[in-house]
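So the chains spell out like this:
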Amino acid sequence: MLFIICMIAFSVLLFFFLRNSGNGKSISIMGVIIAVYLLGKTSYFHLSCFPGALILAWPPGSETILYDQDLREEGKQMLKSCFGEDSMLSDGVEKEYSYFNDHDRINVTIHYTEWTLSYQDDRGQKGVFVFDNRWQEFDKSSIENDVERYFCRQTEKFYKKNFWDKTLADISGIREDDNGLDLKEYSDSDLRKIPEASDIIERMRSYSLAENIYFPQLQYEEVFERFPYILRMYLYVDYESEREEERSRQRQETEQKMRQMIEEMASFTNHTLNATVGATMMDEDGYVDSFHLAVLEGEYFTDEERDFDIVLCEGFFGDMDGDP
């Protein structure tokens, strides 16, 4: 009996010690250890669940994170360079959001500041750029990343509205929730496999969109000529028939409509479009077949001996073994 009382008292004291330390994971682990130990004592089987249940059933802890860096002045020069001297930057607005950390079993509340910058482009249209300070220490690249995301979202929105959505609406069997159009920065993953590509990789990594873009004069038809970004598009289509000849017809129609869209994009961009399209044809059993299209400077890329992404990078940043 004394052993039982001691174990219960020890469990309770250990729980409050770990609880005050804020380490929810340790609490859970210790509960399991104590329960397993008691389970090994056959005579205490009925008590084996008590410590673990006490610890695991107790409400989770909490943690508050405060981001209080004032980015209004720290990012002022960069923002003026990107959005113009006439752009207007708001005072910071305090924000918060919460989530549950399953790993440590704690409720986390984050307090941060959000700013809104408004500007007007050369067509007289208003633009709004929103950013915040959700990082521990101010880093120049953090605002640069926000600028890049804004540029990508705006460009994606334009090409979706004017080309992508219209084309998909005319494709039979399209899976509405399984398709996408993304603007992506050039990737150096294939170049990293080539020893002599170190110079071009360095040029790619030192490139800064924020140092090369002026949003009031942004022209979407010039995006692929002026910036190292590419449209990556994908779609999934369900075959509407089990007959092979009908499937062949549907696949050909899907590809034809994708090619028609690409040609319209290429014409709009004065044949500077860089893009890829991946279409996957499905039935009730899953994957059936697919087709892929790659476009480099407005023309279909058909060179089977050269890697498309490497040629893409060299077109903007220069040859691997030459000058930029």
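Our subject in this report is the structure included herewith. (Residues numbered from 1 in each chain as written. Predicted model: local features only at pLDDT ≥ 70, side-chain atom pairs only at ≥ 80, totals over all residues. Heavy atoms only, no water.)

## Focus on the pattern of salt bridges
Overall, the coordinates contain 20 salt bridges when judged by the stated rule. Aspartate 170 is the partner of lysine 257 in a salt bridge, and the nearest nitrogen-oxygen pair spans 3.6 Å. Taken together, the positions of lysine 257 in helix H9 (residues 244–268) and aspartate 170 in the loop between helix H6 (140–168) and strand E6 (174–185) put the pair 87 residues apart, joining distant regions of the chain. The partly exposed category is assigned to lysine 257, whose relative accessible area is 22%. Its relative accessible area of 48% is what places aspartate 170 among the partly exposed residues. Taking the shortest distance from any N to any O, the salt bridge between arginine 175 and aspartate 178 comes out at 3.8 Å. Among the residues examined, arginine 175 registers a relative accessible area of 24% and is labelled partly exposed. Take aspartate 178: its relative accessible area is 31%, and that puts it in the partly exposed class. Among the charged side chains, a network of salt bridges with common partners joins Arg251, Glu255, Arg259 and Asp289. (Salt bridge = Lys/Arg side-chain N within 4 Å of Asp/Glu carboxyl O. Helix = DSSP H or I, 4+ residues; strand = E, 2+ residues; numbered from the N terminus. Buried < 20%, exposed > 50% of the residue type's maximum accessible area, 1.4 Å probe, protein only.)

## Some words on the layout of surface pockets
The computed volume of the largest pocket comes to approximately 390 Å³. What lines the largest pocket is a set of 15 residues, among which Asp121, Arg123, Gln125, Gln154 and Tyr220 lie closest to the centre. Elements that contribute at least two residues to the lining of the largest pocket include exactly strand E5 (126–132) and H6. With six residues, the single largest contributor to the lining of the largest pocket is H6. Grouping the constituent residues of the lining of the largest pocket by class yields six nonpolar, four polar and five charged. (1 Å grid on protein atoms, 1.4 Å probe; cavity = no way out; pocket = protein on both sides within 12 Å on 5 of 7 lines; lining within 4 Å. Points joined across faces, edges and corners; volume = space filled by probe spheres on them. Nonpolar A, V, L, I, M, F, W, Y, C, P; charged D, E, K, R; others polar.)

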